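Structural overview
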Amino acid sequence: MITLIKNARIITLDESFRIIWNGYIVVEDMTFTRVEEGEPDQQLIDVADRIRDARGEWLMPGLYNTHGHAAMTLMRGYEDNLPLDRWLKEKIWPFEGQLTREAVAAGRALAMSEMISSGTIGFLEMYHLYMDDFAEEIERVGMRAALTRSVIGLCSREEQDAKLEESASFATRWSGAAYNRIQTMLAPHAPYTCPIDYIERIVDKAEELGLPVHMHLAETKKEVDDYQKIHKMHPLDHLDERGLLTRVPWLFAHGVHLEKHHLKRMSETHARVSHNPMSNLKLGSGMAPLTAMLDQGISVSIGCDGVSANNTLDLWEELRIAVLLQKGLLQKADALSVEQALRMITSEGASALQTGHSGMIKAGEEADFIMIDATSPHLQPEQHIHSHLVYAAKGSDVTDVYVQGKALMENRELLTLDKERTRFEANKEFADILSRVN
Ligand SMILES: [Zn+2]
């Protein structure tokens, strides 16, 4: 199958950040075989099975959301005004106690529907329920994902071991599945829910299996203060003291309450961070030192976290908040460049999820891309496209989404998910749980 898309503005986001103002791409099966300037020759037109004229559209890499809990999408708007610890104990955990297999599936379908509709092609899922179901669904829907069956260690040694075993066997079963679109990691939930000995055993297992480890870290000041009272040190220093930072590739979510020496240590040990600004703002957790992380050379990508604390999965919005907050808080208009910003939702995201994809548009790379309707007033004048992508674009501008050459959305119509059914199921399952929780 050969697809030719011509007359496109191609925003490659490659190493040189090249824009091809009028060009074409050729996709053969799963791969870009040509990414070129100008008009395709007649020979190419003759062999193409499908030709699309992309006049008035921008073609660019798909986006990556590197921390989240898709199943929690069902809890959108469930509680808006509690801090993290009370929010979890009083609202989220009781609600989750009522989740059925169908409700979890409904939340996840809603999340995928929202992500694809706004141009996200890959995401990380940290959750503990029905992960095999989700992997099967992702295989069918066509997105990329890093999946973790996360564990909480506030239980007996036997229960801890059983959870770790379940998590490791899930990770082994699905790593590299769906034409390598699915990657896996191990995931202790957080230092305040997993004793350090348990985290150490998880790292042992990850090292044995050659997997990265994902964990919430230093999300709130209270959590760090409480930890320091008990252990006389910051959770990151504790991991370091045990020698755990250097043994596996880490991807930490949040990292809001970190000191300068933590950033240096993270940089030295190549730990990655998923920055989740909207969740951190909404739960009143604070603001991670994003610019300082980037200055230290830490690989930072962006995550929306659970929708219950965000409340959307629109990475454009998430990125804009991330960038604007740094500029405002530091009183520094050049705190972050558009290049740094766009890397965080494309190439840095692709590497954080261990996709093996560069997150760029180039020949020889798997054909992942999205298309944007560039005719809207808020994207004119067209000259400064990179700026528009950071400061003006919206999820609803995305018209088409492709992963490995397969269309997941065309002309805003989802092709691998039933939007109406997804909406119906989500409302039905939410109402059902609500009647049991209250
Ligand atoms: Zn989270």
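What you see is a predicted model; the values in this text were computed from it and never measured.

Comments concerning the pairing of strand S16 (residues 406–410)
Where strand S15 (residues 398–403) meets S16, three bridges bridge the pair, whose relative direction is antiparallel. Residue valine 403 lies in a different strand from S16, and its bridge partner there is lysine 406. Pairing analysis gives two bridges linking S16 to strand S17 (residues 413–414), with the strands arranged antiparallel. When the bridges of S17 are listed, glutamate 410 appears paired with glutamate 413. Between S16 and S17, which follow one another and run antiparallel, lie two residues, and asparagine 411 among them has a positive phi close to 45 degrees.

Comments concerning the domain arrangement of the protein
When the domains of the protein are assigned, the result is domain 1 (2–62 + 360–414) and domain 2 (63–352). The straight-line distance from the C-alpha centre of domain 1 to that of domain 2 is 30 Å. Contact residues are listed per partner, giving 32 residues for domain 1 and 31 residues for domain 2. Between domain 1 and domain 2, roughly 2400 Å² of surface is buried when both sides are summed, and carbon and sulfur atoms account for 64% of that area. Applying the counting criterion to the domain 1 and domain 2 interface returns two salt bridges. We note a salt bridge from arginine 144 to glutamate 366, for which the minimum N-O separation is 2.7 Å. Remark: the boundary between domain 1 and domain 2 carries twelve residue pairs in polar contact (both at pLDDT 80 or more).

With respect to the nonpolar core
Counting residues in hydrophobic clusters, the biggest one holds 125 residues, and the most contacted among them are Leu239, Trp250, Phe252, Met266 and Leu389. For this core, the element with the highest residue contribution is helix H3 (residues 101–117), accounting for seven residues. Taken domain by domain, this core gets at least three of its residues from each of domain 1 (2–62 + 360–414) and domain 2 (63–352). Sequence-distant contacts of leucine 239, defined by excluding residues within four places in its chain, comprise Ile196, Ile199, Met215, Leu244, Leu245, Trp250 and Phe252. In this structure, Ala8, Ile361, Met371 and Ala407 belong to the second largest nonpolar core, which totals 16 residues.

Comments concerning the coordination of the zinc ion
Looking at the metal site, the zinc ion is ligated by His67 (NE2), His69 (NE2), His216 (NE2) and Asp305 (OD), spaced 2.1 to 2.3 Å from it. Classification of the site at the zinc ion rests on its four donor atoms, whose angles at the metal span 85 to 170 degrees, yielding the label irregular. Here the donor residues for the zinc ion map to a single chain with the spacing H-x1-H-x146-H-x88-D. With a gap of 147 residues between them, histidine 69 in the loop between strand S6 (63–65) and helix H2 (84–96) and histidine 216 in strand S10 (residues 213–217) connect regions that are remote in the sequence. For histidine 69, a relative accessible area of 10% gives the class buried.

What to know about unusual backbone geometry
The residue after asparagine 310, namely asparagine 311, is reached through a cis peptide bond having omega 5 degrees. Looking at where asparagine 311 falls in the secondary structure, it is placed in the loop between strand S13 (300–302) and helix H13 (315–330). In this model, glutamine 380 is joined to proline 381 through a cis peptide bond whose omega is -15 degrees. Assignment of secondary structure puts proline 381 in the loop between strand S14 (369–373) and helix H16 (385–391). Backbone geometry places alanine 178, a non-glycine residue, at a positive phi of 55 degrees. Within the secondary structure, alanine 178 is located in helix H6 (residues 177–180). Classification of alanine 178 by relative accessible area gives buried; the value is 8%.

A look at the packing of aromatic side chains
All told, the structure shown has seven aromatic pairs when counted by the stated rule. Relative to phenylalanine 430, the ring of tyrosine 78 lies with its centre 6.2 Å away and its plane at 85 degrees, an arrangement referred to as edge-to-face. Taken together, the positions of tyrosine 78 in the loop between S6 and H2 and phenylalanine 430 in helix H17 (residues 419–437) put the pair 352 residues apart, joining distant regions of the chain. Each member of the pair tyrosine 78 and phenylalanine 430 is classed as buried. Taken together through their ring pairs, the aromatic side chains of Phe32, Phe369 and Tyr402 make up a single cluster. Over the ring of tyrosine 78 we find lysine 91; its NZ or CZ atom is 4.5 Å from the centre of that ring.

As for the environment of leucine 124
With respect to the helices and strands, the residue leucine 124 is situated in strand S7 (residues 120–127). Judged by its relative accessible area of 1%, leucine 124 is buried. Sequence separation of leucine 124 and glycine 303 is 179 residues, and the distance between their C-alpha atoms is 8.4 Å. If we ignore the near neighbours within four places in the chain, the residues touching leucine 124 are Asn65, Thr66, His67, Gly68, Ala146, Met185, His214, Leu251 and Leu353.

Notes on the pattern of salt bridges
Under the counting rule described, the total for this entry stands at 37 salt bridges. Lysine 282 is paired through a salt bridge with aspartate 80; the nearest N and O atoms lie 2.8 Å apart. Placement of the pair is lysine 282 in helix H11 (residues 277–282) and aspartate 80 in the loop between S6 and H2, with a sequence separation of 202 residues. By relative accessible area, which is 37% here, aspartate 80 ends up partly exposed. Across the salt bridge formed by aspartate 161 and arginine 201, the nearest N and O atoms sit 3.0 Å from each other. In this pair, aspartate 161 sits in helix H5 (residues 157–174) while arginine 201 sits in helix H7 (residues 196–209), placing the two residues 40 residues apart along the sequence. Accessibility expressed as a relative area gives 31% for aspartate 161, which makes it partly exposed. You can call arginine 201 buried: its relative accessible area is 17%. Via salt bridges that share partners, Asp240, Lys264, Arg265 and Glu268 belong to a single interconnected network.

Conventions used here
- Sequence order as written defines residue numbering, which begins from 1 separately in each chain.
- At least 70 in pLDDT is required for a residue's local features to be given in this predicted model, at least 80 for side-chain atom pairs to be given and counted, and no such filter applies to totals for whole chains, interfaces and linings, which use all residues.
- Side-chain numbers here rest on the full set of heavy atoms in the structure, without hydrogens or water.
- The rule for pairing is simple: two strands pair if DSSP sees at least two bridges between them.
- Every helix listed is a DSSP run of H or I at least four residues long, and every strand listed is a run of E at least two residues long, numbered separately from the N terminus.
- In this entry, domain limits derive from an automatic or database-based domain assignment.
- The contact rule is simple, with two residues in contact once any of their heavy atoms fall within 4.5 Å.
- Take the accessible area each of two parts loses on contact, using a 1.4 Å probe, and add the two losses: that sum is the buried area.
- What makes a salt bridge here is a side-chain nitrogen of Lys or Arg within 4 Å of a carboxyl oxygen of Asp or Glu, nothing more.
- Between N or O atoms, a polar contact is any pair within 3.5 Å; within protein, one atom must be a potential hydrogen donor and the other a potential acceptor, and residues adjacent in sequence are included only when both atoms are from side chains.
- Grouping buried Ala, Val, Leu, Ile, Met, Phe, Trp, Tyr and Cys residues that are joined through side-chain atoms within 4.5 Å yields what is termed a nonpolar core.
- Note on exposure labels: buried denotes an accessible area under 20% of the residue type's maximum, exposed denotes more than 50%, and partly exposed covers the range between, all computed with a 1.4 Å probe on protein chains only.
- For Na, K and Ca the donor cutoff is 3.2 Å, while for all other metals N, O and S atoms must lie within 2.8 Å; water is not among the atoms, so some sites may look incomplete.
- Working rule for geometry: tetrahedral if four donors all subtend angles between 85 and 135 degrees; square planar for four, octahedral for six, if opposite donors exceed 155 degrees and the others stay between 65 and 115; irregular in every other situation.
- When the centres of two rings from Phe, Tyr and Trp lie within 6.5 Å, Trp using its six-membered ring, the rings pair. Their planes under 30 degrees apart give stacked, over 60 give edge-to-face, and anything left gives tilted.
- Over a ring means this: the NZ of a Lys or the CZ of an Arg is within 6 Å of the ring centre and within 35 degrees of the ring normal.

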